[in-house]
Amino acid sequence: MAPRRIPSLSTSAVPASRPTPAGLSPPAGVGLRPPHFRAALAEPGAVDFLEVHPENYLCDGGPQHHFLTALRQDLPLSFHGVGLSLGGADRPDRRHLARLRQLVDRYQPFHFSEHLAWSSHGGTYFNDLLPLPYTQANLARMSAHVAETQDCLGRQILIENPSLYLTFAESEMSEAEFLAELSRRSGCRLLLDINNLYVSAINAGWDSWAMLAEFPQDAVAQIHLAGHDHCRDADGGSLLIDTHGMPVADPVWDLFAAIAPRLAGVPVLIEWDQDLPDWPRLVSEASLARQLAGNALAEARHVAIA
Amino acid sequence: MNRRTAGLTIAGSLLSALALSAVPAAAEGTEKCYGISLAGQNDCASTGGNSCAGTSKVDFDKQAWKLVPAGTCETTMVTLPDGSTRPGSLAPIES
Amino acid sequence: MSPSPEQAAFPEAFAAALREPRSAIPARLAARPGVDPAVRFAIYRNNMAAGLGRVLADRFPVLRRLLGADFFAALTDAFIRQHPPAGPVLLEYGALFPNFVERFPPSQHLAYLADVARLEWLRHCALLAADAAPIDRAALAAQPPDVMARLRFTLHPSLAILRSPFPIVSIWRANIDPANPAVVPAGLPGENALLVRPGLVAEIHAVPASRADFVERLQAGVALGDATNLVGADLTAALAFLLSAGILTGFFPVSDDAARRSDPA
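Residues numbered from 1 in each chain as written. Chains lettered and ligands numbered in written order. Predicted model: local features only at pLDDT ≥ 70, side-chain atom pairs only at ≥ 80, totals over all residues. Heavy atoms only, no water.

J.: Mind showing me how you'd approach the domain arrangement of chain C here?
T.: The extent of an interface is frequently quoted as the accessible surface area lost upon association of the parts. Residue and element names in this part refer to chain C. Annotation of chain C at the domain level lists domain 1 (1-110) and domain 2 (132-265). Taking the mean C-alpha position of each, domain 1 and domain 2 sit 40 Å from one another. Listed as interface residues are 4 residues of domain 1 and, on the opposing side, 6 residues of domain 2. Carbon and sulfur atoms supply 71% of the area that domain 1 and domain 2 bury against each other, a total of about 460 Å² over both sides. For domain 1, the biggest contributors to the area lost against domain 2 are Val62, Arg65 and Leu66; these three give 93% of the whole. Counting every contact that joins domain 1 to domain 2 gives 0 salt bridges. The interface formed by domain 1 and domain 2 holds 1 residue pair in polar contact (both at pLDDT 80 or more) in total. A breakdown of the residues in the side of domain 1 that touches domain 2 according to their chemical character gives 3 nonpolar, no polar and 1 charged. (Domains from an automatic or database assignment. Contact = heavy atoms within 4.5 Å. Buried area = accessible area lost by both parts, 1.4 Å probe. Salt bridge = Lys/Arg side-chain N within 4 Å of Asp/Glu carboxyl O. Polar contact = N/O pair within 3.5 Å; in protein donor to acceptor, adjacent residues only side chain to side chain. Nonpolar A, V, L, I, M, F, W, Y, C, P; charged D, E, K, R; others polar.)

J.: Explain the sheet that holds strand β4 (residues 192-196) of chain C to me, please; I cannot follow it from the model alone.
T.: Paired through backbone hydrogen bonds, the strands of a sheet run either parallel or antiparallel to each other. Residues and elements named next belong to chain C. If you trace the 3 strands from one edge of the open sheet to the other, you get β3-β4-β5, paired in antiparallel fashion. Two strands bound the open sheet, and with one partner strand each, they are β3 (160-163) and β5 (203-207). Each strand of the sheet is rotated relative to its neighbour by a mean of 25 degrees, with strand direction disregarded. Across the sheet, helix α6 (residues 112-128) touches β3, β4 and β5, and the angle it forms with β3 is around 175 degrees. Strand contacts of helix α10 (residues 209-219): β3, β4 and β5, with the helix running at about 145 degrees to β3, the strand carrying the most contacts. (Pairing = 2+ DSSP bridges. Helix = DSSP H or I, 4+ residues; strand = E, 2+ residues; numbered from the N terminus. Axes fitted to C-alpha atoms, helices over the stretch in contact; angles between N-to-C directions.)

J.: Even after reading the chapter, I still don't get the interface of chain C and chain A, so can you show me in this structure?
T.: Between chain C and chain A, the residue contacts involve 44 residues of the former and 54 residues of the latter. Of the roughly 4,100 Å² buried between chain C and chain A, counting both surfaces, carbon and sulfur atoms make up 62%. Counting across the interface, chain C meets chain A through 4 salt bridges. Our count for the chain C to chain A interface comes out at 17 residue pairs in polar contact (both at pLDDT 80 or more). Going through the elements one at a time, α1 (9-19), β1 (29-30), α2 (37-59) and α6 of chain C are the ones with two or more residues in the side of chain C that touches chain A.

J.: Can you walk me through the pattern of salt bridges in this structure?
T.: Oppositely charged side chains are able to pair whenever their charged atoms sit close together. Taken as a whole, this structure holds 19 salt bridges over all chains when the rule is applied. Two residues, Arg163 of chain C and Asp213 of chain C, come together in a salt bridge whose shortest N-O distance is 2.8 Å. With Arg163 of chain C in strand β3 and Asp213 of chain C in helix α10, this pair connects stretches of sequence that are 50 residues apart. Residues joined in a network through salt bridges with shared partners are Asp233 and Asp235 of chain A together with Arg32 and Arg40 of chain C.

J.: Is there a simple way to think about the nonpolar core in this case?
T.: Side chains that are nonpolar tend, in soluble globular proteins, to be buried together. In this structure, Ile159 and Leu225 of chain A together with Phe14 and Leu63 of chain C are the most contacted members of the largest nonpolar core, which totals 148 residues. The two domains that each donate at least three residues to this core are domain 1 (1-110) and domain 2 (132-265) of chain C. Beyond its immediate sequence surroundings of up to four residues, Phe14 of chain C is in contact with Trp118, Leu130, Pro131, Leu166 and Phe168 of chain A together with Ala9, Pro26, Leu29, Phe41 and Tyr44 of chain C. Of all hydrophobic cores here, the second largest spans 36 residues; its members include Leu14 of chain B together with Val207, Leu224 and Leu235 of chain C. (Core = buried A, V, L, I, M, F, W, Y, C linked by side-chain atoms within 4.5 Å. Buried < 20%, exposed > 50% of the residue type's maximum accessible area, 1.4 Å probe, protein only.)

J.: I tried to follow the sheet that holds strand β15 (residues 268-271) of chain A on my own but got confused; where do I start?
T.: Residues and elements named next belong to chain A. Pairing within the closed barrel is parallel, and its 8 strands lie in the order β3-β4-β5-β6-β9-β11-β12-β15. Averaged over all pairs of adjacent strands, the angle between strand axes in this sheet comes to 30 degrees, irrespective of strand direction. With 4 bridges joining them, strand β12 (residues 220-226) and β15 adopt parallel strand pairing. Each bridged residue has a counterpart across the sheet, and for Leu225 the counterpart in β15 is Ile270. Against the sheet, helix α8 (residues 250-259) engages β12 and β15, with an angle of about 160 degrees to β12.

J.: Would you mind going over the UniProt feature "domain: Putative DNA-binding" (unreviewed entry) in chain C with me for this structure?
T.: The UniProt record marks residues 12-101 of chain C with the feature "domain: Putative DNA-binding" (unreviewed entry), using the residue numbering of this structure. Within the segment residues 12-101 of chain C, helix and strand shares are 63% and 2% respectively, and the terminal C-alpha atoms sit 30 Å apart. (UniProt positions renumbered as here; feature names shortened; annotations may be inferred.)

J.: What is the right way to look at the packing of aromatic side chains in this model?
T.: Aromatic rings considered in pairs are described by the distance between their centres and by the relative angle of their planes. Within this structure, the stated rule accounts for 23 aromatic pairs over all chains. Seen in terms of ring centroids, Trp118 of chain A and Phe126 of chain A are 6.1 Å apart; in terms of plane orientation they differ by 80 degrees. Their pairing is edge-to-face. Looking at Phe126 of chain A, the relative accessible area reads 1%, which means it is buried. By way of ring pairs, the aromatic residues Phe60, Phe71, Phe72, Phe79, Tyr93, Phe97, Phe100, Phe104 and Trp121 of chain C are connected into one cluster. (Phe/Tyr/Trp six-rings, centres within 6.5 Å; stacked < 30°, edge-to-face > 60°.)

J.: Explain the environment of Phe60 of chain C to me, please; I cannot follow it from the model alone.
T.: Residues and elements named next belong to chain C. Here Phe60 shows up in the loop between α2 and α3 (61-67). Given a relative accessible area of 0%, Phe60 falls into the buried group. Non-local contacts of Phe60, meaning those with residues more than four positions away in its chain, are made with Phe72, Gly94, Phe97, Pro98, Ala117, Glu120 and Trp121.

J.: Explanation requested: α10 of chain C in the structure shown.
T.: For an α-helix the count is 3.6 residues per turn, leaving residues at separations of three or four pointing the same way. Residue and element names in this part refer to chain C. All buried positions along α10 are accounted for by Arg211, Ala212, Phe214, Val215 and Leu218. Seen along its axis, α10 keeps its buried residues to an arc of 160 degrees; they face one direction. Close packing links the buried residues of α10 with β2 (151-155), β3, β4, β5, α11 (224-227) and α12 (235-244). In the stretch just after α10, Gly221 is the one whose phi turns positive, near 95 degrees. (Arc of directions from axis to C-beta.)

Shown next, in the form of structure tokens:
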């Protein structure tokens, strides 16, 4: 029988803000991908926390657990689930939830987040975060799914706004209204993905600044930033694809800098999934987020004092 | 050879094997695994696959029935169970 | 099945249209004014197919190299359409792929491909299997000699054996590193692959059939003395291989009672 390795978690579970000359800047982390395992282990102080998709660690042993266990000794960890399909018609898969609970107990992540989306229906997993109509019926159903998930995992979860390529004619409320009510009914908090917000705004013809203003900021517990591809629609207009394959775009940085003073201390994460840069380049993107937020906070205080 | 002699022969083999064999690289001690992997055997090969990113590279829906293998099949010589040897082929083989 | 306009766009019609790429998209979908929703729907179809295609390409790199990228993409598209994932854990996706490869008409004449795919799937599984510490060599060496033949062993959880009429280990080794491709010479006999992951690396060994038999007997819980006839004079070398490859992880002696029951003589 294999010895079961129980990690002793020497590291505080929650990432801390960093003091800077201008004041405090938020904890900044990166999405951890296997090609960066060794580099991250060699230089764990480069970021304030790591995030992984728990689905990629639902195995018995091997390199995935070896490296995540070692890194968890050094850094706080966040789980970002992609498989629960909470916005779907079917109830969350109990077996999957039980496996996630085991993983949560083992690694003790400071956050567990999921999406305002669905990905499974009728026994098929579609491997994408799919959109749903923002209706009262879907709000009631998703609130129940989120509550059930929180019960099974024994903790509050975060729900993230999605990247949209399509919307539904039957939607009865805005995304922000849906999320605010979801949080109120289920007790979940929110993950504000500013890249997703911008991608959805351009693709649906919405105003990203108005969306940001309407977003229920008091419920935000984590921020995501990522890069997107800029394509063209048939009519020559912009079509953005949420590829996580390049640096964060300037309009996304602008939105982030604007909201950062209101969300001081909220952990911010860089996601990069395709065309992975080397570890130092990824770390520099997280450092930039920390620095921008710190500057924006200092500036806001300066304006308030003046 | 009686049972006891056979048992001692086996014991001798086991003790020789213990003396002859190297200790395998353990899961603990990552440094032991640096540099010993052959190309393609790297330990980060299993990336999981779940992601929350989309893709803008449209590369699905290939016309399979028009395709023939174009990799290294033709340089991979294979002996079939009936003893004949043949390479992979760029064109479907009539059977 | 093509979704009817009356069917609710979410989720039934949406799901049906994702599964059938040439079907009409659900009604009442919207995008920015002036944009055809069908173009946008194709993004979701593409995300699904491309993402799963990437998973299979990572998991079956040698098969992809043997077939070429275009053919492999056609193969995986057909597989994904017929066998989309049944659950959200993509670590488990691809178990059905080797059998699909075996029956895929355009490459059916290349009979060895399915066994190459089986080898790659087993390698993936070995990377995910439970960990186990190597056997306690000092404790093993300290066993009384007359007990050794009656020892049973526990084997590493990642252990797998694949017997093939084709030289699959040679083919795998020749094609796993694109920077150093090798030609597999003609006339190689079939090979038995033994996979084990003692540390972080999944090792693939080609072993004689007798050694594969020996390992499988030990794995089944047969006492050492009752399995040695399979390797004969090769016993010391076979045991040294089992030890150095990290296949043996534990041992326990057969109790005298059990030994008497199984061997009345």
